[in-house]
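Coordinate analysis (summary)
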Amino acid sequence: MPKTLIEPFRIKSIEPIRVTTRADREQLLAAAHLNVFLLRAEDVLIDWLTDSGTGAMSSRQWGAIMEGDESYAGARSFYRLEKVIQDITGMQHFVPTHQGRAAEKVLFTAVCKQGDLVPNNCHFDTTRGNLEYLGVEALDLVEAVGLQPATIAPFKGNIDLARAEEVLKKEGQRIPFGMLTVTNNTGGGQPVSMANIRAYAALLKKYGKPFIMDVCRFAENAMFIKMREPGYENTSIKAIAQEMFSYADGATMSAKKDGMVNIGGFIVLRSDEWLDEVRSDLIMMEGFPTYGGMAGRDLEALAVGLEEGLDEDYLRYRLRTAEYLGEKLDAAGVGFVKPTGGHAVYIDARTVLPGMPVQHYPAWALCNALYLEGGIRGVEIGSVMFGKRLDDGTETFHSMELVRLAFPRRMYTQSHFDYAAEVIAEVKQKAASIRGVKIVKQPKFLRHFTAQFDWA
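Conventions used here
- Residues numbered from 1 in each chain as written.
- Predicted model: local features only at pLDDT ≥ 70, side-chain atom pairs only at ≥ 80, totals over all residues.
- Heavy atoms only, no water.
- Helix = DSSP H or I, 4+ residues; strand = E, 2+ residues; numbered from the N terminus.
- Expected span 1.5 Å × (residues − 1).
- Buried < 20%, exposed > 50% of the residue type's maximum accessible area, 1.4 Å probe, protein only.
- Arc of directions from axis to C-beta.
- Contact = heavy atoms within 4.5 Å.
- Salt bridge = Lys/Arg side-chain N within 4 Å of Asp/Glu carboxyl O.
- Pairing = 2+ DSSP bridges.
- Axes fitted to C-alpha atoms, helices over the stretch in contact; angles between N-to-C directions.
- 1 Å grid on protein atoms, 1.4 Å probe; cavity = no way out; pocket = protein on both sides within 12 Å on 5 of 7 lines; lining within 4 Å.
- Points joined across faces, edges and corners; volume = space filled by probe spheres on them.
- Nonpolar A, V, L, I, M, F, W, Y, C, P; charged D, E, K, R; others polar.
- Phe/Tyr/Trp six-rings, centres within 6.5 Å; stacked < 30°, edge-to-face > 60°.
- Lys NZ or Arg CZ within 6 Å of the ring centre and 35° of its normal.
- Core = buried A, V, L, I, M, F, W, Y, C linked by side-chain atoms within 4.5 Å.
- Parallel < 35°, antiparallel > 145°, perpendicular 65-115°, else oblique.
- Left-handed = near helix turned anticlockwise from the far one by under 90°.

**Some thoughts on helix α15 (residues 414–429)**
Between its terminal C-alpha atoms α15 stretches 23 Å, which fits the 22 Å expected from 16 residues at 1.5 Å a residue. Within α15, burial applies to Phe 417, Ala 420, Ala 421, Val 423, Ile 424 and Val 427. Buried residues in α15, looked at end-on, bunch into an arc of 165 degrees, giving them a common side. Set apart from the buried face of α15 by more than 90 degrees, the exposed residues are Glu 422 and Gln 429. If you follow the buried residues of α15, they end up packed against α12 (312–332), β9 (344–348), α14 (362–374), β10 (376–377) and β14 (402–406).

**Describing helix α5 (residues 125–133)**
Counting buried positions over the nine residues of α5 gives seven, a clear majority of the element. The inward-facing, buried residues of α5 contact α4 (100–111), β3 (117–120), β4 (137–140), β5 (178–181) and β6 (211–214). One or two steps after α5, the chain reaches Gly 135, where phi turns positive at roughly 80 degrees.

**Examining the pattern of salt bridges**
Inspection of every chain in the model, using the stated rule, returns 37 salt bridges. A salt bridge links Asp 43 to Arg 18; its shortest N-O distance comes to 2.3 Å. Within this pair, whereas Asp 43 is found in the loop between α1 (22–31) and β1 (46–47), its partner Arg 18 is found in the segment before α1, the two being separated by 25 residues in sequence. Of the residues examined, Asp 43 reaches a relative accessible area of 7% and is grouped as buried. For Arg 18, a relative accessible area of 40% translates into the label partly exposed. Glu 426 serves as the salt-bridge partner of Lys 430, at 3.7 Å between the closest nitrogen and oxygen.

**Comments concerning the environment of Asp 125**
Residue placement: Asp 125 occurs in helix α5. Each C-alpha atom, one on Asp 125 and one on Thr 181, is 12 Å from the other, the two residues being 56 residues apart in sequence.

**A short note on the sheet that holds strand β8 (residues 265–269)**
Spatially, five strands are ordered β2-β8-β7-β6-β5 in an open sheet, and the strand pairing comes out mixed. This sheet does not close on itself; its edge strands, each paired only once, are β2 (93–97) and β5. Averaged over all adjacent pairs, the angle separating strand axes in this sheet is 15 degrees, with direction ignored. Examined bridge by bridge, β6 and strand β7 (residues 250–254) share three bridges and lie parallel to one another. Bridge pairing links Met 213 to Ala 251 in β7. Each of β2, β5, β6, β7 and β8 is contacted by α4, which is oriented at about 40 degrees to β8, the strand it contacts most. The strands that helix α10 (residues 275–285) touches are β2 and β8; relative to β2, the one it contacts most, it runs at about 20 degrees.

**Examining empty space enclosed by the protein**
Taken as a whole and judged by the stated rule, the model has three cavities of 30 Å³ or more. As a volume, the largest cavity reaches approximately 80 Å³. Lining the largest cavity are Tyr 314, Tyr 317, Arg 318, Thr 321, Phe 407, Pro 408, Arg 409, Arg 410, Met 411, Tyr 412 and Phe 417. No other element matches the four residues that α12 contributes to the lining of the largest cavity. The residue inventory of the lining of the largest cavity, partitioned by class, reads seven nonpolar, one polar and three charged. The calculated volume of the second largest cavity comes to roughly 50 Å³. Lining the second largest cavity are Asp 51, Thr 54, Gly 55, Ala 56, Lys 256, Lys 257, Met 260, Val 261, Asn 262, Arg 409 and Arg 410. Class assignment of the residues belonging to the lining of the second largest cavity gives a composition of three nonpolar, three polar and five charged.

**Some words on the packing of aromatic side chains**
Two measures describe an aromatic ring pair: the distance that separates the ring centres and the angle between the ring planes. Taken as a whole and assessed by the stated rule, the structure comprises 20 aromatic pairs. Seen in terms of ring centroids, Tyr 133 and Phe 445 are 5.6 Å apart; in terms of plane orientation they differ by 65 degrees. Their pairing is edge-to-face. A residue pair is termed long-range when its members are at least 10 positions apart, and Tyr 133 in helix α5 and Phe 445 in the loop between β15 (437–441) and β16 (452–455) qualify at 312 residues. Relative accessible area serves as the criterion here: at 29%, Phe 445 is assigned to the partly exposed category. Over the ring of Phe 336 we find Lys 338, and its NZ or CZ is 5.2 Å from the ring centre.

**A word on the nonpolar core**
Core analysis: the biggest nonpolar cluster contains 60 residues, and Phe 211, Met 213, Phe 218, Met 244 and Leu 306 have the highest contact counts within it. When residues no more than four places from it in sequence are discounted, the contact partners of Met 244 are Val 182, Met 194, Ile 197, Met 213, Phe 218, Asn 221, Ala 222 and Ile 225. With 34 residues, the next largest nonpolar core counts Phe 336, Leu 366, Ile 424 and Ala 431 among its residues.

**Side note on the environment of Met 400**
Inspection of the secondary structure assignment puts Met 400 in the loop between β13 (395–396) and β14. Of the residues examined, Met 400 reaches a relative accessible area of 2% and is grouped as buried. With sequence-adjacent residues up to four places away left out, Met 400 is seen in contact with Gly 146, Leu 147, Pro 149, Thr 186, Gly 187, Arg 350, Ile 381, Gly 382 and Ser 383.

**A word on the packing of helix α7 (residues 194–206) against helix α9 (residues 237–246)**
At their nearest, the axes of α7 and α9 sit 9 Å apart, and the two run at 20 degrees to each other. Viewed along their axes, α7 and α9 adopt a mutual orientation that is roughly parallel. Handedness of the crossing formed by α7 with α9: left-handed. Along the contact surface, α7 presents Met 194, Ile 197 and Arg 198, while α9 presents Ile 240, Glu 243 and Met 244.

**Comments concerning the sheet that holds β9**
Within the open sheet, the three strands sit side by side as β9-β14-β11. Their pairing is antiparallel. The sheet terminates laterally at β9 and β11 (379–381), the two strands that pair on one side only. Adjacent strand axes in the sheet meet at a mean angle of 35 degrees, parallel and antiparallel pairs treated alike. The pairing of β11 with β14 spans three bridges and is classified as antiparallel. Of the residues in β14, the one forming a bridge with Val 379 is Arg 404. Packing against the sheet, α12 makes contact with β9 and β14, and its axis sits at approximately 25 degrees to β9.

Quick look at the structure:
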């Protein structure tokens with residue numbers, strides 16, 4: 001039996017990509033103020049900035065788009081998608097939004113107030129930003145192993161249950177709900193075990209707190225459970241996902257990840273306790289409850305995409321792709337978060353730039369170096385994204401300095417990954433010449449998207 005795991009699909013449409021020179025990229029990055037977010041996509045050779053909304057849709061999805069019902073209220077497409085989501089999540093109330101951060105904003109606005117505290121394994125950038133914008137403390141409680149890139153463990157996304165209970169005891173009056181992000185994007189796309197989900201749900205119930213999951217990559221998490229958690233090896237991915245959802249009281253999702261679409265998101269709720277306020281805020285921010293900022297054609301594509309995202313052959317290929325690049329980096333002596341996650345490989349910038357001070361933002365510097373060397377765009381998960389400049393001008397820094405290479409779904413072939421591995425190895429060899437950066441302009445929230453830099 002061949003050992004090579006091939007893409008479980010055929011390519012029916014292609015998009016040309018532009019090849020630039022090193023001199024081109026130096027000029028382009030300078031014009032973008034040393035921030036790869038500000039580059040034009042046409043100037044990027046391999047775009048691994050994010051897996052959010054960047055994947056290729058299937059022929060079934062394109063066919064479903066033609067059936068989109070664009071009625072303002074009560075569209076047929078809404079009820080088709082509602083049925084799929086209710087089947088997977090087991091939750092009655094489905095509220096569509098145009099993407100995940102909108103789902104977060106609508107739910108948090110309806111439920112949270114200034115001074116609240118929300119515990120999570122790790123909040124990703126928009127989740128944290130939406131909470132902090134409302135004056136809510138976003139508290140990360142991932143297990144210690146989740147902050148150790150080189151340590152191998154099967155479920156490094158697990159929340160620390162002992163610390164969570166301590167917070168619930170001390171700060172219970174401030175906590176409107178507990179959250180859990182599956183997979184844990186901030187910590188390397190690492191999965192959360194079913195046992196941890198179950199135990200956290202019981203802990204929150206003990207203290208009378210609802211349980212909300214951030215489920216952008218729930219299917220990938222379910223596949224990790226099937227592969228790594230005893231007792232689930234013969235369980236279908238859909239059944240594992242259904243059990244995951246069964247422990248929660250609600251969820252937010254950016255459907256641009258495991259929903260396999262280019263736009264879309266939603267909130268699901270088991271109870272109707274928050275429903276009126278959520279729908280009221282939805283109408284103000286997004287649209288009528290049966291479209292919520294999405295076109296009918298996008299609702300149709302998402303209904304198909306959620307089903308396709310649960311396909312085991314696809315998920316096995318997806319996880320193997322990240323593992324393959326990890327093997328290449330291992331051979332080149334480049335450190336990364338181990339084991340590889342589901343949607344990305346996270347390079348540990350400190351293994352490439354061990355002498356660069358954190359004040360010069362080593363992960364950001366490495367992002368720039370990957371673009372300059374080979375036209376690859378990743379994203380920094382470090383002290384620019386998760387650090388802060390305080391009112392007195394001092395900085396707080398993140399515990400890890402990672403560069404995330406997030407892979408759009410069904411987009412790139414093995415040769416792209418081989419090329420990327422060669423570029424990363426070359427960058428490591430030239431590490432002594434890589435320059436750090438300093439921030440010269442930044443917004444108050446989510447500064448990494450638009451901040452401007454100069455060489456340090």
